[in-house]
Amino acid sequence: MSNIQLIIEERAASIGNFMVGRLLPFRQKRMIGPFSFIDHMGPTKLNERENLDVLAHPHIGLSTLTYLFEGSIFHRDTLGSALEIKPGEVNWMTAGKGIVHSEKTPDHLRHSDKVLHGLQIWVALPKDLEQMEPSFAHISKEELPTWNEGDSQFTLIAGKAFGSESAVPVYSPLYMIEIKSKARTELSLGDQLFGESGIYILEGGIEEGGNTFGPKQLLVAKDHSLCTFTMEANTTIYIFGGEPFPEERFINWNFVSSDKALIEKAKDDWINQRFDKIAGEENEYVPYPSFKR
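None of the values given here were measured: they were computed from a predicted structure.

Comments concerning the environment of Ala12
One can find Ala12 in strand 2 (residues 11-14). For Ala12, a relative accessible area of 70% puts it in the exposed group. Considered as a pair, Ala12 and Glu103 are 91 residues apart in the sequence and their alpha carbons are 20 Å apart. Excluding anything up to four places from it in sequence, Ala12 contacts Met19 and Val20.

Focus: the pattern of salt bridges
Considering all chains together, one arrives at 16 salt bridges under this definition. Put simply, Arg274 and Asp268 hold a salt bridge, and the shortest N to O gap is 2.2 Å. Residue Arg274 is classed as partly exposed on the basis of its relative accessible area of 47%. Among the charged side chains, a salt-bridge network with shared partners connects Arg76, Lys104, Glu281 and Glu284.

Overview of unusual backbone geometry
Here the bond from Leu24 into Pro25 is cis, since omega is 0°, no more than 30 degrees from zero. Residue placement: Pro25 occurs in the loop between strand 3 (19-24) and strand 4 (35-46). Residues Gly42 and Pro43 are joined by a peptide bond in cis, for which omega reads 5°. Mapped onto the fold, Pro43 is located in strand 4. Phi at Lys216 takes a positive value of approximately 70°, unusual for a residue other than glycine. Mapping Lys216 onto the fold places it in the loop between strand 20 (211-213) and strand 21 (217-221). Judged by relative accessible area, Lys216 falls into the partly exposed class, the value being 42%.

Points about the nonpolar core
Core analysis: the biggest nonpolar cluster contains 30 residues, and Met176 and Tyr238 have the highest contact counts within it. In contact with Tyr238, not counting residues within four places along its chain, are Tyr67, Phe69, Leu119, Ile157, Met176, Ile177, Glu178, Gly198, Ile199, Tyr200 and Leu202. Listed in part, the 22 residues of the second largest apolar core include Trp147, Phe154, Leu187 and Phe229.

Remarks on the pairing of strand 7 (residues 73-77)
Counting buried residues in strand 7 gives four out of five residues, a clear majority hidden from the surface. Taken together, the four bridges between strand 7 and strand 8 (residues 82-85) define a ladder with antiparallel strand orientation. Along strand 8, the bridge assignment pairs Phe74 with Glu84.

Structural notes on helix 1 (residues 260-271)
Here helix 1 spans 17 Å end to end across twelve residues, near enough to the 16 Å set by a 1.5 Å rise per residue. At its buried positions, helix 1 is contacted by strand 5 (53-59), strand 10 (99-104), strand 24 (250-252) and strand 25 (255-257). The residue sitting at the N-terminus of helix 1 and contributing the capping side-chain oxygen is Asp259; that oxygen lies 2.8 Å from the backbone nitrogen of Ala261. Immediately beyond the C-terminal end of helix 1, within one or two residues, lies Gln273, with a positive phi of roughly 55°.

A short note on the packing of aromatic side chains
Aromatic ring pairs are described here by two measures, namely the spacing of the ring centres and the angle between the planes. If you walk through the whole model with that rule in mind, you get 15 aromatic pairs. Taking 5.7 Å as the distance between ring centres and 85° as the angle between the ring planes, the aromatic pair formed by Trp253 and Phe255 counts as edge-to-face. Accessibility assignment for this pair places Trp253 and Phe255 in one class, buried. Judged by centre distance (5.3 Å) and plane angle (80°), the rings of Trp253 and Tyr288 are edge-to-face. Of this pair, Trp253 sits in the loop between strand 24 and strand 25 while Tyr288 sits in the segment after helix 1; the two residues are 35 residues apart in sequence, bridging distant segments of the chain. With respect to burial, Trp253 and Tyr288 carry one shared label: buried. Following the ring pairs from residue to residue traces out a cluster consisting of Trp253, Phe255, Trp270, Phe275, Tyr285 and Tyr288. One residue, Lys260, lies across the ring of Phe250, its end atom 4.8 Å from the ring centre.

About the cut-offs
Residues numbered from 1 in each chain as written. Predicted model: local features only at pLDDT ≥ 70, side-chain atom pairs only at ≥ 80, totals over all residues. Heavy atoms only, no water. Helix = DSSP H or I, 4+ residues; strand = E, 2+ residues; numbered from the N terminus. Buried < 20%, exposed > 50% of the residue type's maximum accessible area, 1.4 Å probe, protein only. Contact = heavy atoms within 4.5 Å. Salt bridge = Lys/Arg side-chain N within 4 Å of Asp/Glu carboxyl O. Core = buried A, V, L, I, M, F, W, Y, C linked by side-chain atoms within 4.5 Å. Pairing = 2+ DSSP bridges. Expected span 1.5 Å × (residues − 1). Polar contact = N/O pair within 3.5 Å; in protein donor to acceptor, adjacent residues only side chain to side chain. Phe/Tyr/Trp six-rings, centres within 6.5 Å; stacked < 30°, edge-to-face > 60°. Lys NZ or Arg CZ within 6 Å of the ring centre and 35° of its normal.

In structure tokens, the structure reads:
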């Protein structure tokens, strides 16, 4: 019998001048544990006249996680952070009571051909931390626990699992795990996981409960303790999950909160330009979308 409760297919969405495949939120499943938003970016080839330019925009009530497979993004925020993220590294920005950031193609790549491919994720904060001070952390690939089991390579990108802990400073019990298989492999991971769990297939395929699933599908498990499946050769998957919050989370544009009043305040503050501004980008920003008012 299959342990898959729901299959979520990527849906095309626009983030300014760039198209992504949206996985969460989904009408039948708004969150998986504390994970409230997952976008698959690319793989997209950009020529010397095309660049990623996501201008300054705000967040509250969440942490953002950027993880690239290919390419490079330059991050700037109102804390003064300014750095390039490359494949295998993690940008972890906690918005708390409010932060503004931009994401652009680095200057040294803007006039050349390039590829961009990765995941952008929002992790909701616990209710008592939704108004915490904002912060930013950049974690190198060498700081992420990596190990092999048979023909599979595991990387713990965030959280705790398999007796390891990522250097990413998370605020609730969660996990994000990358698994790459060279050969056909059966895995039984349920006793290592907890809370809610989902499997995103980046490439290759998996078999579970007599069914076969392929790329660009997010499989939501009924029960993490029965997480047993077979990975085909040359498959890459990402497992997201953790303990869900007791309170509902509301999402309005880039704002996440258990309190609608905090979202309304953030919306009004952004419309009236009361958020801090990024140094050097004071006149560049994404307006609050008119269809959301």
